[in-house]
Amino acid sequence: MKAEPTLICIPDISGFTQFMREANFDLTAQVIPALLNEIIYANTINLQVSEIEGDAVLFFRSGELPAIGELVEQCKTFYKEFYKRIDKLYKKHKNEEDARSISEILGLKIILHYGEEIAMVPIGNRIKLMGEDVITAHRMLKNDIPIEEYIVFSEQVYSKFDKDEFAGFCNWSEIHEGHLDIEHLGVLNYKYVDLNPLN
């Protein structure tokens, strides 16, 4: 169980709980799996799937961090393909009572974190990621960012890139700063950009 540097990428469907609560079961049972599949198929930089959670996909890629352009383009692809599928799903189900909630409630947020020591343990046909950085990545989903759709770049990601280059590839949005102060993990600094202007 050798630990190595690993990128963690978590595209997470925002509005999931509200959608599951307000829309009928038959609709949610078709829409959510379709969107999770779309996220998986939109992978263009050889990310591997570790887990598929209720509203998120946990991707990883061992080794060196991809270039900032690759990372940002991957996130933009996730977002654009997600919304293409949202449009298709709405058209398919538009005569159903809760169809409007597909586009009104659901959205996408993406967490990017780079851990220096993440171990990969095979369990069944999946790879389970182990290490403090896995907890860090998941904890960054529980933030107080005041917008619904965004990319979060942990300090361990954005600090690896030239500041001007980073800003150049995220030029559709202002780059915001934030942090979380978590017991046992300390202060987690991050940058984030709004995805909504791309829609």
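Our subject is the structure that appears above.
A brief look at the structure comes next. Predicted, not measured: the structure shown is a model, and the values here were computed from it. (Residues numbered from 1 in each chain as written. Predicted model: local features only at pLDDT ≥ 70, side-chain atom pairs only at ≥ 80, totals over all residues. Heavy atoms only, no water.)

**What to know about the nonpolar core**
With 47 residues, the main nonpolar core has Phe-19, Phe-78, Leu-106, Leu-112 and Phe-153 as its most contacted residues. Ranked by residues supplied to this core, first place goes to helix 3 (residues 68–93) with 10 residues. If we ignore the near neighbours within four places in the chain, the residues touching Phe-153 are Ile-68, Val-72, Leu-112, Tyr-158, Phe-166, Cys-170, Tyr-190, Lys-191 and Val-193. Ile-8, Phe-60, Met-120 and Leu-188 belong to the second largest nonpolar core, which has 22 residues in total. (Core = buried A, V, L, I, M, F, W, Y, C linked by side-chain atoms within 4.5 Å. Buried < 20%, exposed > 50% of the residue type's maximum accessible area, 1.4 Å probe, protein only. Helix = DSSP H or I, 4+ residues; strand = E, 2+ residues; numbered from the N terminus. Contact = heavy atoms within 4.5 Å.)

**Details of the pattern of salt bridges**
Under the defined criterion, the tally for this structure stands at 8 salt bridges. The residue Glu-104 makes a salt bridge to Arg-100 at a minimum N-O spacing of 3.1 Å. Taken together, the residues span about one helical turn, with Glu-104 and Arg-100 both in helix 4 (residues 100–105) at a distance of 4 residues. Judged by relative accessible area, Glu-104 falls into the exposed class, the value being 54%. For Lys-160, the salt bridge goes to Glu-116, with nearest N and O atoms at 3.6 Å. (Salt bridge = Lys/Arg side-chain N within 4 Å of Asp/Glu carboxyl O.)

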